[in-house]
Amino acid sequence: MTALDITEVARRSGVPASTLRFYEEKGLIASSGRRGLRRLFEPGVLERLALIAMGRAAGFSLDEIARMFAPDGHPRIDRRMLADRAEQLDKTIRELSAMRDGLRHAAACSAPSHMECPTFRRLLRGAASGAMGARRKQAPQR
């Protein structure tokens, strides 16, 4: 298969050309040359972009994703890191499920006011204790 220009890679992958240039700058992908002013990429870049998209969806930083590739460009994914991320996702799912259930209850609660609803009050106590709310950004793992 022949090289794909940046427009074709963007169309097939759904990744904007500006992001492709940024990924190349970060060393996540590499162009194989140019046709005029357009960067050219080998067809394998589409699979690599899919891996990057999967990593981003799982919450990995671009630096973490970059470390998932060997110098030759082949994936070298740390299974322990995947297991750790799966645990973090499980925790997030539990927290969000509890929040969803509490909000559904509060929306349908028959108490005269939300402040009189024991379930809503429990949610308030959780929010006040920091159990809910803005997620803290974790430092990248070395």
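Residues numbered from 1 in each chain as written. Predicted model: local features only at pLDDT ≥ 70, side-chain atom pairs only at ≥ 80, totals over all residues. Heavy atoms only, no water.

Got a sec to walk through the packing of aromatic side chains? Specific residues and values, please.
Taken as a whole, this structure holds 0 aromatic pairs when the rule is applied. The ring centre of Phe-69 lies 3.7 Å from the NZ or CZ of Arg-48, which sits over that ring. In this structure, Arg-85 packs its charged tip against the face of Phe-60, placed 4.2 Å from the ring centre. (Phe/Tyr/Trp six-rings, centres within 6.5 Å; stacked < 30°, edge-to-face > 60°. Lys NZ or Arg CZ within 6 Å of the ring centre and 35° of its normal.)

Now, about the environment of Asp-101: what can you tell me, with residues and values included?
Structurally, Asp-101 is set in helix α5 (residues 79-108). On the accessibility criterion, Asp-101 (41% relative accessible area) is partly exposed. For Asp-101 and Thr-119, which are 18 residues apart along the polypeptide, the C-alpha to C-alpha distance reads 10.0 Å. (Helix = DSSP H or I, 4+ residues; strand = E, 2+ residues; numbered from the N terminus. Buried < 20%, exposed > 50% of the residue type's maximum accessible area, 1.4 Å probe, protein only.)

Tell me about helix α3 (residues 45-57), and please be specific about residues and values.
Between the first and last C-alpha of α3 there are 18 Å, a value that for 13 residues agrees with the 18 Å anticipated at 1.5 Å per step. Where α3 is concerned, the buried positions are Val-45, Arg-48, Leu-49, Ile-52 and Gly-55. The arc that holds the buried residues of α3, viewed along the axis, is 120°, so those residues lie on one side. For α3, the exposed residues lying more than 90 degrees away from the buried face are Glu-47, Met-54 and Ala-57. Two residues or fewer past α3, Gly-59 is found with a positive phi of approximately 95°. (Expected span 1.5 Å × (residues − 1). Arc of directions from axis to C-beta.)

Pulling in residues and values, what's your account of the environment of Ala-98?
Assignment of secondary structure puts Ala-98 in helix α5. Separated by 25 residues in sequence, Ala-98 and Leu-123 place their C-alpha atoms 9.3 Å apart.

Please give an account of the pattern of salt bridges that cites residues and values.
Scanning the model with the defined rule gives 9 salt bridges in all. A salt bridge links Arg-11 to Glu-8; its shortest N-O distance comes to 2.6 Å. Taken together, the residues span about one helical turn, with Arg-11 and Glu-8 both in helix α1 (residues 6-13) at a distance of 3 residues. A relative accessible area of 59% places Arg-11 in the exposed class. For the salt bridge of Asp-84 with Arg-80, the shortest nitrogen-to-oxygen distance reads 2.8 Å. One end of the pair is Asp-84 and the other is Arg-80, both in helix α5 and 4 residues apart, which spans about a single turn. Accessibility expressed as a relative area gives 53% for Arg-80, which makes it exposed. One network of salt bridges, in which partners are shared, links Glu-8, Arg-11 and Arg-12. (Salt bridge = Lys/Arg side-chain N within 4 Å of Asp/Glu carboxyl O.)

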